[in-house]
Each structure stands twice: as C-alpha cells, then as structure tokens.
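# Examination of the molecular architecture
Residues per chain are reported as follows:
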Amino acid sequence: MPAALEQLFKAQDSASVLETCARILEDFGITGRLHWQSPADQDAEPHGWRHELAEDIQHQLALVLSRDEPVAAPLCGKLAWLGRLASARLNQLSESGRLYEAISRLAMAERLQRALYAIAEQASAEQDMPALMRSLHTIVSSLMYAENFYIALYDAASDSVRFPYYVDSLDVDVPSPERSVPLHELLHGVTWNLLRHGRPLFGAIDELAQELGGQFQLHGTRCEHCIGVPLFRAGQVVGCIVVQSYRAKMRYTRHDLDLLSYVAQHVQTTIERRSAHVELERRVADRTTALREANRVLRQQVLQRQRGERLQAALFRIAELAGTTDSLDDFYPAVHRVIGGLLYARNLYIALIDEETQFITFPYSVDEVNSERPPRLRGGGATEYVQRTGKPLLADMATIDRLIASGEIVNPGVRSVCWLGVPLSWGEKVRGVLAVQSYSPEHTYSERDQELLTFVSYHVANALQRKHADAALKQAYASLERRVVERTRALGLANRDLREQIAERERIERRLKYETLHDSLTGLPNRTMLLQRLEQALQRYHADPKDRFAVLFIDLDRFKVINDSVGHLVGDDLLFQVGGRIRACLKTRDIVARLGGDEFAVLLEQVPNTDAAQRTAERVLKELQVPFRLGAREIFTSASIGIAMADAHYRQPEELLRDADSAMYHAKDGGRHRASLFDDRLRYEALSQLRMEGDLRHALTRREFVPFYQPIVSLADGRIAGYEALLRWNHPERGLLLPQDFLLIAEETGCAEAIDWLVFEQVCAQAPQLLGGKGTISINVSGLHFRSDDFDARLLALLDKYQVSPSSIRVEVIERTLLDNPAQVKRMLENLRLQGMGIALDDFGTGYSSLSYLHQYPFDALKIDRSFVTELDSDRKGQGAAVIRAIQVLADALGMQVIAEGIENTTQQQALLDMGCRYGQGFLFARGQAAEYWQRPENRLA
C-alpha cells in the first residue's frame, strides 16, 4: 500500500493516476471497471452502479468506478479516501500544466518582444536596404522555421511587384531586387492571391489549391507547406511576406500564422521608415545639388558685378587722367595701363586721322613686332576700314583674308592672330582708331572684349577731345601772350568754344549716367536701377517685416506677332505707350522698369497683403486691354503678370525677379491675360521640371529608353502579322513611364530625336529574333526627323548595319508631319518606299484628312484612330462607323492595307470584320510588352 500511494503522487498524467488507483482498488478487494468519463458520456452509461472518485479539471473528465452492485459499507470509507487522494493529485497535475503553459507563453512573448525591438532598431540602423532585409529575415527565423523566405512589394500605379529580398534553398530562378515584375506574370500564384485578396494563406499546396479553387497556380519549385501574410498601408495591400517549407515533416501551425501576421505589420512599418529615410537622404542630396548650382550662378553674378566695378573704376581713372595729366605723352601710357587691366593689351596703338591732309598719325604705339609706326597717307588697312565704316572690327586671320578677298582692305603687312579696333569719335565724326592685337593663339578677343573696348573708347575719345581742347586753349593762350592786342577777339572766341566744350562734356556725363540706369526706348528705369531699388526694399523689409513689398513681372502676349505683322517701329511705339500705361496704374513711390524686349517689372512699395498686389495687377491688365492707337492703326494686346511677394527667405533681389518670372509663365500656361501669384507649388514644379530634364540626359547616357511591342493581328483568326514599337522609359526610381509622362519635356530640351534614334537602333537589333523573316515592325517617326536632309539615308544605314531588310520595317507618320516641309517629306518617304520599306499614315481621320495626301505620298497602309473604333460599342451605324467604312472603301480602291487601333472587345472586332477591315491592334489581343516576352516560342510571330 505505501508503495502504491507513493506511485500515485509521482504520477505524471491522468493515465498513470487511473492505473495506480486501479491497483489500490484491487488491494482493497473492490472490483469493477475504473475509467475516465466525459459529461457527454453519462447518458450512454449502461444501467448499474457508478461511483465518481475524482474529477480531472484540466481535461474536463471524471474518474468513475462502474459496478453491477454497490460497494459494501465497510469499503465505502476506503473508496472515498482513495477518491480524495486521486483528486488531490489531479489538481496538482492541473496546476502544474497551467504553470508550464504560462511559462511557455511568457517565453514566447519575450522572444516576440525581443524580435519586435530588433525590427524597430533596424529602421534607424546605418545600413543599406539589402542588409536591412537580411536582418529582418534573421529576426523572423528566430521565431519560426524560415529557411525559405521572401518579401514582395506591390506598386499599384504600374501594377507590378518587386522582390527586394528573396531567399530560397531550392529555387535557382531568384528575381532581381531591382526588377519590377508585372503582376499578371504571377497570375494565381501565392503572391498574386495575397496581393489581390489581402487575406493570409496557410497550409499545404494541395490544401491551398482546393481552398482557392481555380485561382491557384504554382510558380517556381513546389513546396510542402507555406504561410503568406499581406502587408497593409492605410487599408491598402502594399506587399506580402511568405515563408515556405520543402520538408514533409516541417509544417507550420496556426500559431505560426498568427505570429507572422503580427510581425509582418512591424516589418512593414520598418521598411516604410527605412524607405522614407532613404528618400529623405535623396531629397537632401538633390536639394544640396540645387543649392550648389544656385551658388555657382551667384558667384558668376558676383564676378560680373566685379567686372562692372573694374570697368567703372577704369572709366573714372580715364576721366581723372584727362584732368590731371599735363601732356598727351603722359596721358597715353596711363590709358594703356588702364586698358591693360581690363583685357590683353600688350600691343596697342592710337591712330588719329587728319581730314584735311589725309594723313594718319600714331601718337602712341606699343607693339612687340612693329616698334615704330611713322605717319602715313590714308590707305586700305584695317585702321582705315574702321575709320571709314565707323564701326568696331573684331577680326581673326580668316576674317582678314575674307576682307582682303572682297577688296575692303589691302594686305596689312605683318599679320596678327587676332585684331580688335574701335573708332574714336567726337563732334559727330570719327577722329581716330584705338586698336589692340595679339600675335599669339593663346590670346584672342571676344565680342565681350569688343563691347568693353568700345565702351572705353567713348571715354578715351572724350578725354582726347578734352586734351585737344586743352592743347588748343594753351595754343590760344600762347598766341594771346604774343599778340595781346591783335588777337583779343580771337581769345574771346576761344574762351567761348572752351565753355561750350565743358558744357558738352558735362551734358555727355549726365546723359551717360542717365543711360546707365534707364531704358533708351521707353525712358523707364532699366534692370540695373530696378535691382538697386529692390535691394533697398529688401533691406528695409528684413529690418521691419511690416514694410512689405511685391514684384510684378509683366510680359506682353503675342508681341512677336505684332512686331512681325506691323513692323518694329510700331512695336517700339507700342512698348513706349505700354510703359506709360503701367506707370499710370501705380503710386508715386512705385517704380516700373523695362527689362528688355516686351518684358516689364514693377516694384510695389508698402503692399500690406497679396490682395493689394492682385488688385494692382488687375488694374494693369484692364488698362492694357484698352486698344492702342498707333498712327492709323488700332492695336489690341494683353499681358500676363507674375507676382512675387517679399518673404523672409529672399536674400537677393534677383531671386524675387526669378520667382515673379516663373509665376508669369504659369499665367501664360493658364490662358494668358491673367495674373498668377508665385507659391511653393510653382517652386516645386520648376524643380521637378529641372530634375526631369536632368533625368532625361542621364537616361540617354544609361540607355534607359526601350521599345515595347504591341502585336498587329489578323482580325479573322487572331494571327500575329506584325508589331508596333512603342516607346517606354525604365526610370530607375519611378518605374516604367509612358511617353505622355516625359515626351513633351524631351521635345523642349531637344532630346526627343536622340531618344527616337536609340529606340530605332534597339528595334533594328531585335527585329531578326522577333520577326524571323515574316511580318513587319512599325516605328513612329515624328516631324522633327524630316527636318534633317539625311534622315532617310541615316535610317537605311542603320538597317544595313544590323542586316535588317527594309521590307521588315514600316514607318508611321501622322498627317501634321506632312505639312511642315511637304517637298522634303515626300522625297524622303518615296526614297524609303523605293528601298522596300512600308509607309503608313497614322491616326487617319483625326487631322486634316486631305485626300491629296493619299495619292501624293507613297502610303501602303492607313491606321484608323481609336476614337472611331470606340464608337462601335454603342452604334454600328453612327458617324464613327460611317467614317471607318469610307476609309475602308477608299483604301481598297487605292490598294492600301487598313489597320484599326484601340480594339478592346469582341464587339468592336466583329464590327470591323463586317466592314472589311482585316487587321487591328488593341488591348483585346495584347498590351505592349518587351522584346523578351515576344521572343518566347509560344508568343512568336505566326
């Protein structure tokens, strides 16, 4: 008995308790059947006597002794005693089981918590995305069996999937992390079901196939068991996580599914945070690049200002020399040193021409070849040419040879590499020439040097005029000393001339200062004066933010049309009157400036808010809408206005002009004759366009533009008869882009033709594998290409390079292309047709649709625009159907093939067949795909 009791309290489960109790009952001499009974089995117990000894709370069972007759009274006490012992042991076992289960849950919770902490730490870890994915895989593997693990991210815009992380022990065809896979290529697979339905998948492959019915298809190596959970963001499926097992004994549980579902959301959060961090770093880098470029422009402006300051200092120095030097012998070398500080002037001479004697004298000459320049009679040299024409001459050796050949000048003797001469004029006559020259190719002159030397020559001429006047005055004083009595009147006349010359000089100085700060045509302030006032206003605003101001950038609409139609004189008169009307709309303290051409700028002082600036702009628009009376003509015009309000982030006045200019172009894009306020959205659009232009340049270098091919099929039997090459851009960040996303900017930046040639080259390289000697590939050629005289020869050379037969290529043009240069376009198309190439007229019926095109140009096919095909859904007897029938009859009569575009359903297909159309293309048959797709045996040309 003691051994049996000891064994009872050592029992590890309910079965051991039952076995020990049965042995004790046998020792007590109590017979019967001892068994476990659930509450549901009580009614099934046969009639007889039953005694419940104990209850197993953990398993909801009762330990019951069943007998045909009751237990004898002396043994009932022992039976009750045994029941209490058994109940005590069962309660102990139940409590131990609960403790073990709690410990297991606590251990799992601790592991899960550590895993979540580790996942959260990955978001801020300094590592790239592949390392982050490997770390996430390691964390998931610590929670369950995850030897085969991958993460898929879904892009709803392109309906494609990217696998940034993919680890599989058996699958050798691992997708590239950078490649975006169209979702339809994974149709009915595990990834497809997770992304489409947004529900977790759990179980063996056969179970999943039975659960999903006809929407399940295995892609890749067959696994034994798998778990897949979707990733959500804002209620939308953005990806999934899948773990697989190729081992028959390794199967996942519901607990693993719940665990992976819980972890997946934290993984999604970590990936998003890391992606946001990477995107932020990229934006910071882009912003840094933009700031660096702005700094470069600013430095250039500073250099220009410094050059202007040096020029101004040189002019002041020349003016100072004219009044401080006593003789011309000292004046000329000093002027030479000043000019040498502005440009290369190692070889310089000043020539003065006497109109009476026709002699040319050289009062100053420094030259490394011609050490002496004696006076001579006027001849046919470059000096005489400048004096004769009264215009500056910038000539290299080729220019000198051309002038000699035309007889403008004679052989000048010692030839210089570059020669620059400007006239010296005063008294409305050319009195001399200031010339510099270089005998070394290292030193040449530019148009800027010509403008600089011309500007300096005005001051040198004024100084010479003053010096000559001074010399004349001194001569007059000398004569006065010799002949005081005889020359009294002559002295008076000389004094009068001197006063007139001084007054003229002062007038010229005032006029020069005025012209420096004002526009010569309208008399309005120019850009220089406007920038000075803007800088002052900006300084006042930074000192007191309440002293706000605004800048209006005004551009006349269609001014070029007015200039071309009525002439530049009328256009200049119009600009003068426009300036006056704008001035009339402003307050006294405001300033209007002409920046050049038909552009004006207005500085509005003390503007409290944007509404006040808008009201002023509306007044200007209303005033400019009133017709202008110019002579016998009445001219109507309008304007587009951009508004930039002063803000704390502006540091330079040029920034305000730039933003107002951007707002003005936004007003033009919005329909003209309106005002637009610059805001952050316009700044972002400008940066985006700049970024897109840069991406286009890089994309050409990296050959990211590729052709996609859409098949042209026989409508009767669906047989593929050829392809049309469609342009696509594999953008490294934005994925696959369609032409409408970038082609307009490409045309504006001049990249469109280079992109087309890149696509043409790829088409020629892929044509032999795609066609196999049958069918054609259509390429779209824009009107830009036909502006080049050698486009047809270049295209044929490209075909010859890749050994592609011209009959395998068909050129598609639109009707507008035929209008630009009809004769040249016709010549090129006829040459291409003569070489065997097909010519198709695209979008026929949507443009001018002139029937003369069809017999003037060598077309062999017409393509019906999708707009007519779409109407066939609702009405087969409508206008669209009538146009298609007419085109088909016309094409049949001319022996041309007709191809319908944009076929999307069988109703349209059947309607086109009934009308006699034999070929078509559209989404009903296939979308555009890369060449690799059509090179597969099942997709090749029939």
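Placed above this text is the structure.
Residues numbered from 1 in each chain as written. Predicted model: local features only at pLDDT ≥ 70, side-chain atom pairs only at ≥ 80, totals over all residues. Heavy atoms only, no water.

By the definition in use, this model includes 33 salt bridges. The partner of Glu-384 in a salt bridge is Arg-376, and the shortest N-O contact between them spans 2.3 Å. Overall, Glu-384 belongs to the buried group, its relative accessible area being 1%. The exposure class of Arg-376 is partly exposed, given its relative accessible area of 31%. For Arg-658, the salt bridge is made with Asp-659, and the minimal N-O distance between the two is 3.1 Å. Owing to a relative accessible area of 46%, Arg-658 belongs among the partly exposed residues under this scheme. (Salt bridge = Lys/Arg side-chain N within 4 Å of Asp/Glu carboxyl O. Buried < 20%, exposed > 50% of the residue type's maximum accessible area, 1.4 Å probe, protein only.)

Contact geometry of helix H11 (residues 447-482) with helix H12 (residues 488-517) gives a least axis separation of 10 Å together with a crossing angle of 165°. On the basis of the axis angle, H11 is roughly antiparallel to H12. Considering only the axes of H11 and H12, their crossing is left-handed. Along its contact with H11, which presents Phe-455, His-459, Asn-462, Arg-466, Ala-469, Leu-473, Ala-476, Tyr-477 and Leu-480, the element H12 presents Leu-491, Ala-494, Asn-495, Leu-498, Gln-501, Arg-505, Ile-508 and Leu-512. (Axes fitted to C-alpha atoms, helices over the stretch in contact; angles between N-to-C directions. Helix = DSSP H or I, 4+ residues; strand = E, 2+ residues; numbered from the N terminus. Parallel < 35°, antiparallel > 145°, perpendicular 65-115°, else oblique. Left-handed = near helix turned anticlockwise from the far one by under 90°. Contact = heavy atoms within 4.5 Å.)

So, about the packing of helix H8 (residues 328-340) against H11. Two elements in contact, H8 and H11, have axes whose closest approach is 12 Å; the angle formed by their N-to-C orientations is 165°. Classified by the interaxial angle, the pair formed by H8 and H11 is roughly antiparallel. The hand of the H8/H11 crossing is right-handed. The segment H8 lies against H11, with Leu-328, Phe-331, Tyr-332, Val-335 and Ile-339 engaging Leu-453, Val-456, Val-460, Ala-463, Leu-464 and Lys-467. Looking at side-chain class alone, the contact of H8 with H11 contains ten nonpolar, no polar and one charged residues. (Nonpolar A, V, L, I, M, F, W, Y, C, P; charged D, E, K, R; others polar.)

Okay, the side chain of Gln-766 next. In this fold, Gln-766 is placed in helix H20 (residues 752-771). A polar contact of 2.6 Å, which involves the side chain of Gln-766, links it to the side chain of Tyr-709. With sequence-adjacent residues up to four places away left out, Gln-766 is seen in contact with Pro-707, Tyr-709 and Ala-931. (Polar contact = N/O pair within 3.5 Å; in protein donor to acceptor, adjacent residues only side chain to side chain.)

Attention now moves to unusual backbone geometry. Negative phi characterises most residues that are not glycine, and trans characterises most peptide bonds. In this structure, Gln-606 takes a positive phi of about 50° despite not being glycine. Within the secondary structure, Gln-606 sits in the loop between strand E18 (599-604) and helix H16 (610-625). Classification of Gln-606 by relative accessible area gives partly exposed; the value is 47%. Positive phi values are uncommon outside glycine, yet Arg-703 reaches one of about 55°. Position of Arg-703 among the secondary structure elements: in the loop between helix H18 (680-702) and strand E23 (705-714).

This next bit is on helix H5 (residues 190-197). Buried residues dominate H5, accounting for six of its eight residues. Within H5 the residues assigned to the buried category are Val-190, Thr-191, Trp-192, Asn-193, Leu-194 and Leu-195. Gly-198 sits one or two positions beyond H5 and adopts a positive phi of about 70°.

Turning to the environment of Glu-655, a few remarks are in order. On the secondary structure map, Glu-655 appears in helix H17 (residues 653-669). Residue Glu-655 is classed as partly exposed on the basis of its relative accessible area of 23%. Through-space distance from the C-alpha of Glu-655 to that of Ser-807 is 57 Å; in sequence the pair is 152 residues apart. Here Glu-655 is in contact with His-649 and Tyr-650, once residues within four sequence places are set aside.

Turning our attention to the packing of aromatic side chains. On inspection of all chains with the given rule, the structure shows 19 aromatic pairs. On the basis of an interplanar angle of 35° and a centroid distance of 6.1 Å, the ring pair of Tyr-332 and Tyr-364 is categorised as tilted. Residue Tyr-332 is found in helix H8, and its partner Tyr-364 is found in strand E11 (residues 359-366); the two are separated by 32 residues along the sequence. Relative accessible area serves as the criterion here: at 13%, Tyr-364 is assigned to the buried category. (Phe/Tyr/Trp six-rings, centres within 6.5 Å; stacked < 30°, edge-to-face > 60°.)

The six strands are arranged E6-E5-E4-E9-E8-E7 in an open sheet whose pairing can be described as antiparallel. In the strand order of this sheet, the two ends are held by strand E6 (180-182) and strand E7 (201-204), each with one partner. Going across the sheet, the axis of each strand differs from the next one's by a mean of 25°, ignoring polarity. Where strand E8 (residues 225-233) meets strand E9 (residues 236-245), nine bridges bridge the pair, whose relative direction is antiparallel. When the bridges of E9 are listed, Leu-231 appears paired with Gly-239. Sheet contacts for H5: strand E4 (148-155), strand E5 (160-167), E7, E8 and E9; angle to E9, the most-contacted strand, approximately 145°. (Pairing = 2+ DSSP bridges.)

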